[in-house]
Amino acid sequence: MKPTSLFTVAVAAASFVAACDDTEPLTKEDFSHAAYPEYGYPEANTVTRVGQWSLSRTSAYTGGQQTFSNDPGATLSISFSGQRVALIGDLDPYRGLAEIWIDDRLYTTIDCYSPVTKHQQLLWTSPSLVSGAHTVKVKVLGSKSESSRGTWVAVDAFKVYA
């Protein structure tokens with residue numbers, strides 16, 4: 001698949017203690033959607049989408065929007081400099097499975113299913129990484145757990161820690 005879009009997203013400092021030790025400084029919050037500095041976001045960054053992704057808007061999502069897909073093989077990736085990253089999104093009865101890749105290596109598979117909808121949930125946290133440049137990619141598998149009614153993967157934000 002070729003990238004379908006490359007777009008600018010917001011980066012904002014905030015505290016987020018569920019993903020990491022609260023003594024770790026949060027260096028950026030990359031929304032999974034376009035959020036430009038002219039709309040009040042302090043710094044621009046890029047997220048790359050490959051495959052079919054859609055946007056949903058509501059205040060229940062981090063930054064007011066969410067990127068979601070059930071397209072097998074679709075990816076959402078960020079490049080960053082830091083030692084840890086957390087993935088924020090929805091758990092839901094219609095959510096499926098996704099692979100998490102770190103620096104072009106498969107790290108794990110996550111299951112985004114929950115019997116009830118839960119917004120702005122910690123979906124995954126990376127291990128401690130060597131300080132420096134990294135890329136994290138979320139890959140939609142198009143498959144689901146037995147209990148799920150769908151294969152959707154929904155991402156609100158990536159939170160990067162120093």
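Residues numbered from 1 in each chain as written. Predicted model: local features only at pLDDT ≥ 70, side-chain atom pairs only at ≥ 80, totals over all residues. Heavy atoms only, no water.

## Side note on the packing of aromatic side chains
Here the structure, examined in full by the defined rule, presents two aromatic pairs. Between tyrosine 107 and tryptophan 124, the ring centres sit 6.0 Å apart and the planes meet at 65°, which makes this aromatic pair edge-to-face. Of the two residues, tyrosine 107 sits in strand E9 (residues 105–111) while tryptophan 124 sits in strand E10 (residues 118–125), which places them 17 residues apart along the sequence. Its guanidinium or amino end placed over the ring of tryptophan 101, lysine 137 lies 5.4 Å from that ring's centre, counting from NZ or CZ. (Phe/Tyr/Trp six-rings, centres within 6.5 Å; stacked < 30°, edge-to-face > 60°. Helix = DSSP H or I, 4+ residues; strand = E, 2+ residues; numbered from the N terminus. Lys NZ or Arg CZ within 6 Å of the ring centre and 35° of its normal.)

## So, the nonpolar core
If you look at the biggest cluster of nonpolar residues, it comprises 24 residues, and the most contacted ones within it are Val85, Leu87, Ile110, Trp124, Val136, Val138 and Phe158. Where this core is concerned, the elements lending two or more residues are strand E6 (75–82), strand E7 (84–91), strand E8 (97–102), E10, strand E11 (132–140) and strand E12 (153–161). Sort the elements by how many residues they give to this core and E12 lands first, with four residues. Setting aside residues up to four positions removed in sequence, leucine 87 forms contacts with Ile100, Ile110, Gln121, Leu122, Leu123, Trp124, Val138, Val155, Ala157 and Phe158. (Core = buried A, V, L, I, M, F, W, Y, C linked by side-chain atoms within 4.5 Å. Buried < 20%, exposed > 50% of the residue type's maximum accessible area, 1.4 Å probe, protein only. Contact = heavy atoms within 4.5 Å.)

## Some words on the side chain of serine 148
Here serine 148 lies in the loop between E11 and E12. Residue class for serine 148 comes out buried when judged on its relative accessible area of 3%. Here glycine 150 takes part through its backbone oxygen, which lies 2.8 Å from a polar atom of the side chain of serine 148. Aside from chain neighbours lying at most four places away, what touches serine 148 is Pro93, Tyr94, Arg95 and Tyr113. (Polar contact = N/O pair within 3.5 Å; in protein donor to acceptor, adjacent residues only side chain to side chain.)

## What about the pattern of salt bridges?
One pass over the full model with this rule turns up two salt bridges. A salt bridge links arginine 95 to aspartate 92; the nearest nitrogen and oxygen atoms lie 3.9 Å apart. There is no split in this pair, since arginine 95 and aspartate 92 are both buried. When salt bridges that share partners are traced, they join Asp90, Asp92 and Arg95 into one network. (Salt bridge = Lys/Arg side-chain N within 4 Å of Asp/Glu carboxyl O.)

## Concerning the confidence of the model for the chain
Mean pLDDT over the chain: 79, with 72% of residues reaching 70 or higher. In the predicted structure, residues 1–23 sits below a pLDDT of 50 and forms 77 contacts with residues beyond four places in sequence or in another chain. (pLDDT = per-residue confidence, 0-100.)

## Here we look at the pairing of E7
Most of E7 sits out of view: eight of its eight residues are buried. Bridge count for E7 against E12 is six bridges, and the pairing is antiparallel. Within E12, the residue paired with leucine 87 across the bridge is phenylalanine 158. With five bridges joining them, E7 and E10 adopt antiparallel strand pairing. Within E10, the position partnered with glycine 89 by the bridge is glutamine 121. (Pairing = 2+ DSSP bridges.)

## Some points on unusual backbone geometry
The phi torsion at aspartate 104 lies on the positive side, around 65°, for a residue other than glycine. When you line up the elements, aspartate 104 lands in the loop between E8 and E9.

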